[in-house]
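Given next are the chains, with one letter for each unit.
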Amino acid sequence: MIRFILIQNRAGKTRLAKWYMQFDDDEKQKLIEEVHAVVTVRDAKHTNFVEFRNFKIIYRRYAGLYFCICVDVSDNNLAYLEAIHNFVEVLNEYFHNVCELDLVFNFYKVYTVVDEMFLAGEIRETSQTKVLKQLLMLQSLE
Amino acid sequence: MPAVSKGDGMRGLAVFISDIRNCKSKEAEIKRINKELANIRSKFKGDKALDGYSKKKYVCKLLFIFLLGHDIDFGHMEAVNLLSSNKYTEKQIGYLFISVLVNSNSELIRLINNAIKNDLASRNPTFMCLALHCIANVGSREMGEAFAADIPRILVAGDSMDSVKQSAALCLLRLYKASPDLVPMGEWTARVVHLLNDQHMGVVTAAVSLITCLCKKNPDDFKTCISLAVSRLSRIVSSASTDLQDYTYYFVPAPWLSVKLLRLLQCYPPPEDAAVKGRLVECLETVLNKAQEPPKSKKVQHSNAKNAILFETISLIIHYDSEPNLLVRACNQLGQFLQHRETNLRYLALESMCTLASSEFSHEAVKTHIDTVINALKTERDVSVRQRAADLLYAMCDRSNAKQIVSEMLRYLETADYAIREEIVLKVAILAEKYAVDYSWYVDTILNLIRIAGDYVSEEVWYRVLQIVTNRDDVQGYAAKTVFEALQAPACHENMVKVGGYILGEFGNLIAGDPRSSPPVQFSLLHSKFHLCSVATRALLLSTYIKFINLFPETKATIQGVLRAGSQLRNADVELQQRAVEYLTLSSVASTDVLATVLEEMPPFPERESSILAKLKRKKGPGAGSALDDGRRDASSNDINGGVEPTPSTVSTPSPSADLLGLRAAPPPAAPPATSGAGNLLVDVFSDGPAAQPSLGPTPEEAFLSELEPPAPESPMALLADPAPAADPGPEDIGPPIPEADELLNKFVCKNNGVLFENQLLQIGVKSEFRQNLGRMYLFYGNKTSVQFQNFSPTVVHPGDLQTQLAVQTKRVAAQVDGGAQVQQVLNIECLRDFLTPPLLSVRFRYGGAPQALTLKLPVTINKFFQPTEMAAQDFFQRWKQLSLPQQEAQKIFKANHPMDAEVTKAKLLGFGSALLDNVDPNPENFVGAGIIQTKALQVGCLLRLEPNAQAQMYRLTLRTSKEPVSRHLCELLAQQF
């Protein structure tokens, strides 16, 4: 299962942090820093997977943003790697060419997108069509 | 226009976020935030009721501030109010705030639960989903108690919308994981299983996760899911790339759902129903076939999605471990990936092959890829890929390829990343031991390990080679020869010195015939490393030296010379000093026979679990102390690290090497064998009676302590009369101190350690240390006879009002002291105020039926609590003058009892506890000292002056302190020392 999802930029600023386990605030901060340190030193020749404590991070870089998912070591690496891409494509469609600033100014909407696609640490919905349809419906509500 | 413009709907929020982004410094940001917080606070407190929009905006701003990392201590109530709004956007912000800033404030929880209840009952799917997501995100026990019963109902209700079912399934999963006791299984479980048939793939996707979790605890209740999952999987796998429309991802039909179904099936053994099983095998074959088809897209997304399914399929095949055909096909497929240009695929192939290597059906197939894997170890850029390659080599190793793999790993070790060196070292050590056909290869391998990566060779590894060499006499000569050669390298690792020292000490005689490695050569080779080594290694080498004295009598003189050197006998390290003293005594006192017995070759080690294996398991086990610790490693990787014999063929042939792997974990004792023997022997040496039984002898530590101050044979203590054969005295009335008590006490005024008392029966040693007004004293009672002492009871008595001046805590000691044994008593001492008489030590016991009693003065005198004080001449004279009242001064003129030696006098004055001040007294012959006596109640400053007159063989001693009795007492104590 997913333990947490992080979106960070290269400078280490968190653009989204979604936790599926209980952590206290200090621990969250520590994890954010550790993930940043582990992921940003890797280059394109490296795998998209890093061992992390007793878990692993599956990550992908889009422009200046790192999308990281922390999962159990027995979880399927490629399935989560593509889950990241699926999520990014939805954001891109929803925000029409998404950029980092969209995530900053619409942070409360990003949480809605996440909840549509991932819930309780599991993949909830994978169809981009269905997710976008739902998001546009919610967008139309007052 | 983008579908969503920046902060649409909440202009104020967008402005605020822009402001924050424009802040040039952290201070400016904090200032802006504080301004906003004040603004929001005033709005929330204001008389004017806020409309929903404003409330939403302000709560959202608070949330933003919190996410920036600032504490938020208000606004919760407004957020809860938003929950009951009937506008989606307001409700959403309310729920988001609650989910992110969980607050277990009971009052609020009740209100929140109330709002959730209303939304769940609203029949508005949007609101229901918001409420379910909130429960799933918070997952608290309170929420579980409130809703665990409702959610299964919503999940299986016929009229629930698909999106609500999806959310309900995962919401239930979260509650079940958080508090399983709150989610009772019921008739709904069967209907949940049937969600696998749901028309909506999203519902199936969510439901599979729930079922996978529930079936782990109740496999039988959910058994029907197997056939449903197989048929669902089969429909997906056999569908064309466009059949599933919305759920097709880059021409791959429903990749995530396929993966989830394959994982669900891994919760169960292969299906019993032949038809189901046939259908499943067909699915698995289809997946393997599709992997060979040309890709439908060049995009990495296509191949990743496809391979996600492929890897999960292989996991299931390995999990079943019953279809040789599929296992070999899986292995071949992974073999192709080993050389793929995608690093991800190479990594995953190595990882997956590791588990295949442990299957009897595919082990041989995996082995055919050995060259590719070795190449990966050498050339991969990503350390984690190299790590997987090393894991795989370890997993595929068996007798046929062990030499190749071990030598490749050794070569890799020279350039390996620091992070994984220790693990590689352990793996090499295990493989070398496990598959050793001839043990010379094993010894070579371990010595190579030490040579290449000495720093990473843990104790377990070099202990192990010693155990094996000790247990196998066919390799001992070779080991001795090899370590001897290895030690000749100009720079060799300290671990090599340890192994070399130990092995030569045990088996150096096996190569002594060769003049190139004659005993003196061996010794000088070892001793050339001695000075560069740590204390532990030097201690080990000292034991080697004493063993050399036994093995090679011709080295005795040289070695005794080394032991006798001041750098050993008076080494600052207690352990080294002790070994030097004991070994020197042993070598001079004991006869050759005794020496040969004590220093005999080590007996074989009992055979138990390999310590190295245990260590490797520990390394791979879950780390400690982190919140992430509840994650588990998959069983397969544990298997690899557990070093399971990969092939059944090696298991079936019982081999000596496999037995050896079972050797015991315990390292050889840190103090090598000779020392414990020496301890026993020394007791024998100084006891007059028949030799003590070694089994009853003291533990080595105690024996060491007793020997800190070797008994001085010329000491007058041996003259002591036998204790009076009186009747058993009562516990309270103790006899007067023995006549020599004062004399004995005086010996300890200027020193802290030594033998306090000795007669034919008993020896009492003292070791003590003092700091400030506190002290700790160890008393060692040695039974010099071969007969047990009974009712042994040493007690400390405070005569007069000493009780109020000095607190002494004693620990009880055992009532029996075996013949030749020694017991230790610890005393904790606190000086409360100045005192004049020392406490008494009363020792009583029965020896051969006769009661013995003895009273001594405990060597605790007021000067023990001296703290030396350095001061300049000017200060000294100023203070000296300040203490000029007649009663503050005590003076004694006395005749010298010992030769007048300035160095000895200095040492005594320092031992007495005061600082010695140079260049104070105009006469350089005189001694001047200063110090402070520390007691709990008060401090007493002391100045002293000692004027020797060599011509007259006289001294004049002057003491000045602020307390009259102290001056006099110190003067008396010190005067007796010269």
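Calculation criteria
Residues numbered from 1 in each chain as written. Chains lettered and ligands numbered in written order. Predicted model: local features only at pLDDT ≥ 70, side-chain atom pairs only at ≥ 80, totals over all residues. Heavy atoms only, no water. UniProt positions renumbered as here; feature names shortened; annotations may be inferred. Contact = heavy atoms within 4.5 Å. Salt bridge = Lys/Arg side-chain N within 4 Å of Asp/Glu carboxyl O. Polar contact = N/O pair within 3.5 Å; in protein donor to acceptor, adjacent residues only side chain to side chain. Helix = DSSP H or I, 4+ residues; strand = E, 2+ residues; numbered from the N terminus. Axes fitted to C-alpha atoms, helices over the stretch in contact; angles between N-to-C directions. Parallel < 35°, antiparallel > 145°, perpendicular 65-115°, else oblique. Buried < 20%, exposed > 50% of the residue type's maximum accessible area, 1.4 Å probe, protein only. Pairing = 2+ DSSP bridges.

For chain B, the name recorded in an unreviewed UniProt entry is AP-2 complex subunit alpha, with Suricata suricatta as its organism. The record held by UniProt for chain B lists under Subunit (unreviewed entry) the comment "Adaptor protein complex 2 (AP-2) is a heterotetramer composed of two large adaptins (alpha-type subunit AP2A1 or AP2A2 and beta-type subunit AP2B1), a medium adaptin (mu-type subunit AP2M1) and a small adaptin (sigma-type subunit AP2S1)." Turning to chain B, the UniProt annotation filed under Sequence similarities (unreviewed entry) states: "Belongs to the adaptor complexes large subunit family."

As recorded by an unreviewed UniProt entry, chain A carries the name AP complex subunit sigma and is attributed to Chinchilla lanigera. On record in UniProt, under Sequence similarities (unreviewed entry), the comment for chain A is "Belongs to the adaptor complexes small subunit family."

Topic: the interface of chain B and chain A
In this assembly, 81 residues from chain B lie in contact with 67 residues from chain A. Across the chain B-chain A interface, the total number found is six salt bridges. Where chain B packs against chain A, one counts 26 residue pairs in polar contact (both at pLDDT 80 or more). With eight residues, the top contributor of residues to the side of chain B that touches chain A is helix α16 (residues 300-320) of chain B.

What about the packing of helix α20 (residues 370-379) of chain B against helix α22 (residues 402-413) of chain B?
Residue and element names in this part refer to chain B. Across the interface, α20 lies against α22 with an axial gap of 10 Å and an inter-helix angle of 10 degrees. If you check the angle between α20 and α22, you find them roughly parallel. Residues I370, D371, I374, L377 and K378 of α20 pack against Q404, I405, E408, R411 and Y412 of α22.

Focus on the side chain of A:N86
Secondary-structure assignment places A:N86 in helix α2 (residues 77-94). Setting aside chain neighbours within four positions, we find A:N86 in contact with A:M117, A:T126, A:Q128, B:Y249 and B:W256.

Details of the environment of B:A873
All names here are of chain B. For A873, the position within the fold is in helix α41 (residues 873-882). Judged by its relative accessible area of 25%, A873 is partly exposed. In this structure the C-alpha to C-alpha distance between A873 and V928, which are 55 residues apart in sequence, comes to 9.9 Å. Apart from the residues lying within four places of it in its own chain, the contact partners of A873 are N919 and V920.

Description of the sheet that holds strand β5 (residues 65-72) of chain A
Within a sheet, adjacent strands bond to each other through the backbone by hydrogen bonds, running parallel or antiparallel. Residue and element names in this part refer to chain A. Here five strands make up an open sheet; going across it, the order is β2-β1-β5-β4-β3 and the pairing antiparallel. The open sheet has two edge strands, β2 (14-19) and β3 (49-52), and neither has a second partner. Mean inter-strand twist for the sheet, computed between neighbouring axes without regard to direction, equals 20 degrees. The pairing of strand β4 (residues 55-62) with β5 spans eight bridges and is classified as antiparallel. Paired with K56 across the two strands is V71, which belongs to β5.

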